[in-house]
Amino acid sequence: MLRLGPALLARLARAPLRAPLRPCGTAAASHGEEQERFVFLEYEPDAAERAAAAAAAALRRERELKVKPKPRRERGAAAAVPSLSDPSVPPSGVSCSGCGAELQCGDGGAPGFVPAERYRSLVSEGPAGLRGAVCQRCWALEHHGSALRLRLPPEQHRRVVSAALRRPPRHGRGPLLLYVLDVMELPDPVLPQLPALLGPDVPAAGVLVVGNKVDLLPADCRGHLGRLRQRVAAACARAGLRGAALVDIRLVSAKTGYGVEGLVSRLQRSWKCAGDVYLLGATNSGKSTLFNTLLRSDYCKSRAPDIIDRATVSPWPGTTLNLLKFPIINPTCDRIFRRQERLKEEATKTEDQLSSEEKKYLNQLKKQGYLVGRVGRTFQQQKPSAEIDFDPDTLSYSMDEDPRDAPKKPEEREEFTHNEVKDARWCFDTPGIVKEDCVLNLLTEKEVKLVLPSHAIVPRTFILKPGMVLFLAALGRIDYLEGEKPAWFSVLASNLLPVHVTTLSNADTLYEKHAGQEFLKVPMGGEERMKEFPPLVPQDITLKGIGTTEAVADIKLSSAGWVAVTAHEEEELLLRAYTPKGTALVVREPPLLPYISAIRGARIPGTPAYRTKKPPSFVENLRTTGSR
């Protein structure tokens, strides 16, 4: 909820009418808290949010008392791996269920490493011991959100993908390629490389492009999804992907489930079960998240979710190191009919008719994204009731002896039968192709988590005059050098990244003083961190306004976010934008959300900032209360 709290009203009443420019866009996170909050003084969490934040802070304090804090580790510094490797033990030939790398205990810096003692323990359990196991890197990502450094050059990801695509066609037909792109990263840097990656000797049946993460973008007007689809289609055409080679374009959110049921229906209607399917895309595009969502959908064989483990998902680039797969269900006429009946029945429900667990899960998704979908399963394997082994001898003992614990039996994992997989078509998750000239390559794992949006982006709009400067953390800067009238600058980036506005005369001093500190937040680590961080380099940009309601262009500051510029009609603006050396700065014309400046509240007196406004969330395939 956005409102002026009593404490803030009192503060504003005591403040001078014209406040300095510095505080108009600071992060509203208290010390030690890294939450998704808006960035203006008028934002005050409601009672539920305050209670949740207090509980989380109490839990963190309790953990800090129990666990001695470890020194911060920079990107590129390996997590301490004790000398637990045993080079004499050969690789297992079994893949990690989280990243696909071959499990081994011989080299702690190579993919698939498992400490030798744990490795031997798993091997001793028999052939099924290593199945379903994860490597130390996936375990650290899953439980601690930290990544162990691996000696894995970016070219190896491309080699794995290229080799997989050049396999001989199975079932007499080449694979269908599902290319997953992050719509916020348009123009996608890897999409133009797709023809070269495939080459003339790859017998692909076609490419279906999936625009992911649409849930993070606010709707700037009616029909904004149709416009996003047009932007994706234009990017495909520029990359030479058109005609019969382009099967379709779908917009989804792999995280919230929006559009996934439609994607499954499209695949089952057109591709059916004709051949294998490969998920391709750049790092952090959401391939593994989509893989996990499809694994829990009608696209997967009914028993597979109980046999195949979910892929490891992390904001750290390059989580998937090798191929992961699940078997695709054969969409017979009967199955398609039963699936359509389920979808029709679910579309008649209102939110009030959902169970308490469904409502709770739906409310969580609404907080994370603007667009939400419910992904269900029509065909589920009936699990047999659990049997309890009862041994009366373990309950009988004399007064002179201690009770005996029954020996634990190793848990038996389900396996596919030969008939289930002998003619199966598979959906593969491939390693992400590393983006060059990306600012994420310069950041530590903690910084990456702050930069990549995990919740719906709340646009932040400022009105600047010539001679004013806007900072997005310490990762981007835009100077308004020349122009006759004020212009509007709308920032779309992670809600955790601070935005600061100052004057041109103070900009260099502000950066030198606060880069690496809490004020600009990212990068973090003080002077030592900034000594190794590349300097900001400028690029001059000239724009001509098309009206006060429509942005003329986006200035994309690598993967840190972008700024939509709105100016008076025919007004010429001279801007100078900065990004760290070696990262890409892109002027995106036309802009992704041209009417984004309209999503704002009233002007905050004495500052160039407007109050934020967060549009409501929309749930797909759910009838609104009162509608027929």
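Rules of the game
- Residues numbered from 1 in each chain as written.
- Predicted model: local features only at pLDDT ≥ 70, side-chain atom pairs only at ≥ 80, totals over all residues.
- Heavy atoms only, no water.
- Helix = DSSP H or I, 4+ residues; strand = E, 2+ residues; numbered from the N terminus.
- Buried < 20%, exposed > 50% of the residue type's maximum accessible area, 1.4 Å probe, protein only.
- Contact = heavy atoms within 4.5 Å.
- Areas by Shrake-Rupley, 256 points an atom, 1.4 Å probe, with all protein chains shown as cover.
- Salt bridge = Lys/Arg side-chain N within 4 Å of Asp/Glu carboxyl O.
- Phe/Tyr/Trp six-rings, centres within 6.5 Å; stacked < 30°, edge-to-face > 60°.
- Lys NZ or Arg CZ within 6 Å of the ring centre and 35° of its normal.

Caption draft 1: Summary view of the overall build of the protein. When helices and strands are counted, the protein shows 16 helices and 18 strands. Taken across its 628 residues, the protein has 49% of its residues classed as buried. Sequence separation of 24 or more characterises 77% of the internal contacts of the protein that already satisfy a separation of 6 or more. Accessible surface computed for the protein: about 30,900 Å², of which carbon and sulfur atoms make up 52%.

Caption draft 2: Spotlight on unusual backbone geometry. For the bond from Leu186 to Pro187, the omega torsion is -5°, close enough to zero to count as cis. Within the secondary structure, Pro187 is located in the loop between strand S1 (176–182) and helix H6 (194–198). Cis geometry marks the peptide bond from Glu589 to Pro590, where omega comes out at -5°. Along the chain, the position of Pro590 falls in the loop between strand S17 (585–588) and strand S18 (618–619). You will see that Glu570, though not glycine, has its phi angle at about 65°, which is positive. Among the structural elements, Glu570 can be located in the loop between strand S15 (562–566) and strand S16 (572–580).

Caption draft 3: Broad picture of the pattern of salt bridges. Taken as a whole and judged by the stated rule, the model has 25 salt bridges. The closest approach of N and O atoms between Asp429 and Lys287, which form a salt bridge, is 3.4 Å. Taken as a pair, Asp429 in strand S7 (residues 426–429) and Lys287 in helix H9 (residues 287–295) lie far apart in primary sequence, 142 residues in all. The pair formed by Asp429 and Lys287 is uniform in burial state, with each residue classed as buried. Among the ionic pairs, Arg342 bridges to Asp298, the shortest N-O distance being 3.0 Å. With Arg342 in helix H11 (residues 333–347) and Asp298 in the loop between H9 and helix H10 (304–307), this residue pair connects regions lying 44 residues apart in the sequence. A relative accessible area of 11% means that Arg342 is categorised as buried. When salt bridges with common partners are traced through the structure, they connect Glu261, Asp298, Arg339, Arg342 and Glu346 into a single cluster.

Caption draft 4: Layout of the packing of aromatic side chains. Under the defined criterion, the tally for this structure stands at five aromatic pairs. Geometrically, the ring pair formed by Tyr299 and Phe326 is edge-to-face, given 6.5 Å between the ring centres and 90° between the ring planes. Residue Tyr299 is located in the loop between H9 and H10, and its partner Phe326 is located in strand S5 (residues 324–327); the two are separated by 27 residues in the primary sequence. Assigned by exposure class, Tyr299 and Phe326 land together as buried. Feature note: the residues Phe291, Tyr299 and Phe326 constitute an aromatic cluster, connected by ring pairs. Its end group placed over the ring of Tyr610, Arg603 keeps NZ or CZ at 6.0 Å from the ring centre.

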